[in-house]
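# Commentary on secondary and tertiary structure
Chain by chain, the residues:
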Amino acid sequence: MFDGLPAMPYPGLRAFRREESIIFFGREDHIDAMIDRLAATRFLAVLGASGSGKSSLVRTGLFDALEKGFFARAGARWRIVDMHPGGTPLQNLAEALAAVSGEGELSPPMLKAFLASGPRALSHWAIGSSMAPNENLLILVDQFEELFRYADFAERDEAERFVSLLLEAARAPDVPIHVVLTMRSEYIGACGLFPGLAEQVNSSLFLTPRMARAQCSEAIEGPAAVLGFELEPALVPQLLNDMESFAPWEEATGVGKGQILSRRADQLPLMQHLLNRMWLQARAAGDDPVLLTRDAYLALGGLSGALDQHGEQILQGLEPADRPLAQWLFRALVSGPDVTNAVRQPQRLASLMQEGAERQAGGGEAICRIIEAFRAPDCNFLQPPVEQPLTPETLIDISHESLIRQWQALAGWLQLEARAEANWLELVQDAERHASGAGELLTGLDLDRQDGWWQQELPTPTWASRHGGSYHDAKTFLDQSRYARDEARARVSIEIAEKRERDAREQRNLRRRLAITTTLSMTLTAAFAFAAWSGISLFQVRKEMRSAQLVANSARQEALATADAMKSAQYALDQIKQQKLTLTRDYDRIKKEQETLSRFLRDQQEDLQEAEDDKGRALSITGATENFVEAVEYCEGNDSEKACRIINGGMDRTLRRRRQRSGG
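Residues numbered from 1 in each chain as written. Predicted model: local features only at pLDDT ≥ 70, side-chain atom pairs only at ≥ 80, totals over all residues. Heavy atoms only, no water.

So, on to the overall build of the protein. On a plain count of helices and strands, the protein comes out with 22 helices and 16 strands. A total of 664 residues make up the protein; the buried ones form 43% of that total. Nonlocal contacts in the protein, meaning residues at least 24 apart in sequence, comprise 68% of its contacts between residues at least 6 apart. As displayed, the protein offers around 34,100 Å² of accessible surface, 53% of which is attributable to carbon and sulfur atoms. (Helix = DSSP H or I, 4+ residues; strand = E, 2+ residues; numbered from the N terminus. Buried < 20%, exposed > 50% of the residue type's maximum accessible area, 1.4 Å probe, protein only. Contact = heavy atoms within 4.5 Å. Areas by Shrake-Rupley, 256 points an atom, 1.4 Å probe, with all protein chains shown as cover.)

Shown next as structure tokens:
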């Protein structure tokens, strides 16, 4: 490796830097056309799709050509101011101007105030600055589309002042100021928002052409020739063929336009990333000279799989406790409804660390560890480069939109973020409507959906601030909706429990009435049997039946009037089961008594018939009453020698027979 040469031949996902012009190949014709356009108007608008190489073309190709004197009329002396507008374009311009100014000139705060004084302030600053004779001032506004993201009137006003400064500076006759801006082509319509900008862009537009197959071949082989490493002969055709398959140079059929544009935008970054990985891997293996092979190319996943494989490798290399935060870090850095329309969304490190701390203990420090892993020289998924130290105000950004489309994990995280943002905006809107009295609390499926999303996503105040804020209002609204739902569910549960208790009480009363009726029926049956055996009169039986009926009616009324029951349905069921068991035992006992009575009645009938047929039988009835027979006596033989028998009926439903003898 020679002094002054780049450390790596291929930049990977990041753009080429100014000092890397020696390895910048395949764009010579494009650079010539840009110089011609800039010379005509001193204003150059370089537009193109994401991934088309706009920033590299300007920063590495155009700047190198200007400093080599290719813009002959202007000369080779250039003071270049490189900036991004962001949300504070005047502040960023003041800081960029101060960085290239000499000692004793205005500080950034004072310079910002000076620039805000009027549209010719930039020209006045250039005249009064320490610029050398025949020195040109070139202001590069990279990613000009950031200017259209103003959120309020103050930011819009600052953006308009910034645009006026650029337009007036490019037209100033007394100072050689040149303005170059890069912008994604889909934002060209937004230029009409600022007076005079659309007209200036139309007269100085350069639409970045797509590199052809031959030019891509130069971009692959040129750095190898400069830095002295080798490419296996089979590698370059394999890579170019895969690039053609991924995004054909000719018009493709059967593929949607959105997919075609996305693949074309990703083609060059994927090529540079894969070649960068192959070179680092070969150098780490100690190859001398370094040799890039087709086998190594395929082992890394090829053109369409290397980036995804690399992303997963870095993710798995993180500490297990840090991995969940990686998702939230990258979700904060991208925005869009889908991968085709996704854009980068740079965030200050302080904000990212704050969200990390809100999500887990030590999350702020974990965010820094994740950023360092993904901006390492062999990765550069994130910016700024590892050479720049991180401060709370450092803007963290992904290196290229192709990362969103080609790293499957990030593509999935983007979709989660898009759905989360939609849910959040809907929740905030519902909360505002409820607060104003125009809406109700969430209920039903709407509440279940929002509650489930909240429990899964666990939004934080910092996360919510990126999506419109109102964190505490939305959370309070959702908590109130949950409380109302839980309270309603509790009421329903109580009502169900009370109904079950009433049903159990009714079942218990019904079974009690049935038991009483069954018991009385058995009792009456036994009474009839006993009456038949013991001689109870029909009148007495009917009287007893009426008394029993009255008792049954009273019991039935008492059962119907029972208000207090056991407090639980289970206890009632246990009681019912116990009553059923008792009734079964009573039934069995009464049935046995009926059988005993029947046997006694048959025996009595047989004995009476036998006594009637015996000769010389003398019958006498003693102790007779009108309605009840206490005993029956019968005798055999003559007066001098006879045998008598007495049969008594006891109150215990038993018969006793005694023998008596008398003589003379």
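Further remarks concern the packing of aromatic side chains. Applying the stated rule across the entire model yields 19 aromatic pairs. Between Trp424 and Trp463, the ring centres sit 5.8 Å apart and the planes meet at 85°, which makes this aromatic pair edge-to-face. Within this pair, whereas Trp424 is found in helix 17 (residues 408-435), its partner Trp463 is found in helix 19 (residues 461-465), the two being separated by 39 residues in sequence. Neither Trp424 nor Trp463 differs from the other in exposure class; each is buried. (Phe/Tyr/Trp six-rings, centres within 6.5 Å; stacked < 30°, edge-to-face > 60°.)

Let us look at a negative patch on the surface. On the surface, Glu28, Asp29, Asp32, Asp36, Glu218 and Glu221 cluster together into a patch of negative charge. For the negative patch, the leading source of residues is helix 1 (residues 28-41), giving four residues. Accessibility expressed as a relative area gives 56% for Asp36, which makes it exposed. (Patch = residues over 30% accessible without salt bridge, like charges linked within 9 Å, V, L, I, M, F, W, Y side chains within 5 Å. Salt bridge = Lys/Arg side-chain N within 4 Å of Asp/Glu carboxyl O. Lys, Arg positive; Asp, Glu negative; His and termini not counted. Charge placed at Lys NZ, Arg CZ, Asp CG, Glu CD.)

With that settled, consider the pattern of salt bridges. The tally for this structure, following the rule as stated, stands at 34 salt bridges. With its nearest N and O atoms 2.7 Å apart, the salt bridge here joins Glu20 to Arg14. Its relative accessible area of 5% is what places Glu20 among the buried residues. In this structure, Arg17 and Glu387 form a salt bridge, with 3.9 Å as the shortest nitrogen-oxygen distance. You can see Arg17 sitting in the segment before helix 1 and its partner Glu387 sitting in the loop between strand 11 (382-383) and strand 12 (395-398), a full 370 residues away along the chain. A residue is classified by how much of its surface remains accessible, and Glu387, at 56% relative accessible area, is exposed. What emerges from the salt-bridge pattern is a single network uniting Asp448, Asp451, Lys475, Asp479, Arg482, Arg485, Asp486 and Arg489.

A few words now on helix 12 (residues 302-317). Counted at 1.5 Å a residue, the expected span for helix 12 with its 16 residues is 22 Å, and the 21 Å between its end C-alpha atoms agrees. Those residues of helix 12 that fall on the buried side of the exposure criterion are Gly302, Leu303, Ala306, Leu307, His310, Gly311, Ile314 and Leu315. (Expected span 1.5 Å × (residues − 1).)

A full pass over the atoms with the stated rule returns one cavity of 30 Å³ or more. Taken as a whole, the largest cavity spans an internal volume of roughly 40 Å³. Looking at the largest cavity, the residues that line it are Leu325, Trp328, Leu329, Ala332, Leu352, Glu355, Gly356, Arg359 and Ile367. At the level of secondary structure, the elements contributing two or more residues to the lining of the largest cavity comprise helix 13 (323-333) and helix 14 (349-359). Its residues placed into classes, the lining of the largest cavity shows six nonpolar, one polar and two charged. (1 Å grid on protein atoms, 1.4 Å probe; cavity = no way out; pocket = protein on both sides within 12 Å on 5 of 7 lines; lining within 4 Å. Points joined across faces, edges and corners; volume = space filled by probe spheres on them. Nonpolar A, V, L, I, M, F, W, Y, C, P; charged D, E, K, R; others polar.)

In this section: the confidence of the model for the protein. A residue-level look at the protein finds 78% of positions with pLDDT of 70 or above and a mean pLDDT of 83. Here residues 562-566 scores under 50 on pLDDT; set against residues more than four positions off or in separate chains, the count is ten contacts. Per-residue pLDDT stays below 50 along residues 615-628; that stretch engages in 21 contacts with residues further than four places along the chain or on separate chains. (pLDDT = per-residue confidence, 0-100.)

Attention now goes to the side chain of Ser101. Residue placement: Ser101 occurs in the loop between helix 3 (89-99) and helix 4 (108-115). Residue class for Ser101 comes out buried when judged on its relative accessible area of 18%. The contacts of Ser101, once residues within four sequence positions are left out, are Arg79 and Trp125.

Turning our attention to the layout of surface pockets. If you add up the space inside the second largest pocket, you get close to 520 Å³. What lines the second largest pocket is a set of 25 residues, and nearest its centre among them are Ala49, Ser50, Leu261, Ser262 and Ala265. When residues in the lining of the second largest pocket are grouped by element, the largest group, seven residues, is from helix 10 (residues 257-284). Taken together, the residues of the lining of the second largest pocket sort by class into nine nonpolar, ten polar and six charged.

Spatial strand order, 10-12-11: three strands in an open sheet with antiparallel pairing. The strands lining the two open edges of the sheet, one partner per strand, are strand 10 (347-348) and strand 11. The sheet contact formed by strand 11 and strand 12 spans two bridges and is antiparallel. Bridge assignment links Leu382 to a residue of strand 12, and that residue is Ile398. (Pairing = 2+ DSSP bridges.)

Further remarks concern a nonpolar patch on the surface. A cluster of nonpolar side chains, Leu106, Met110 and Phe114, forms an exposed patch at the surface whose accessible area comes to about 250 Å². With respect to the helices and strands, the residue Phe114 is situated in helix 4.

For the rest of this paragraph, the subject is the side chain of Asn276. By the element assignment, Asn276 lies in helix 10. Accessibility expressed as a relative area gives 3% for Asn276, which makes it buried. Not counting chain neighbours up to four residues away, the residues in contact with Asn276 comprise Met8, Tyr10, Pro11, Gly12 and Asp378.

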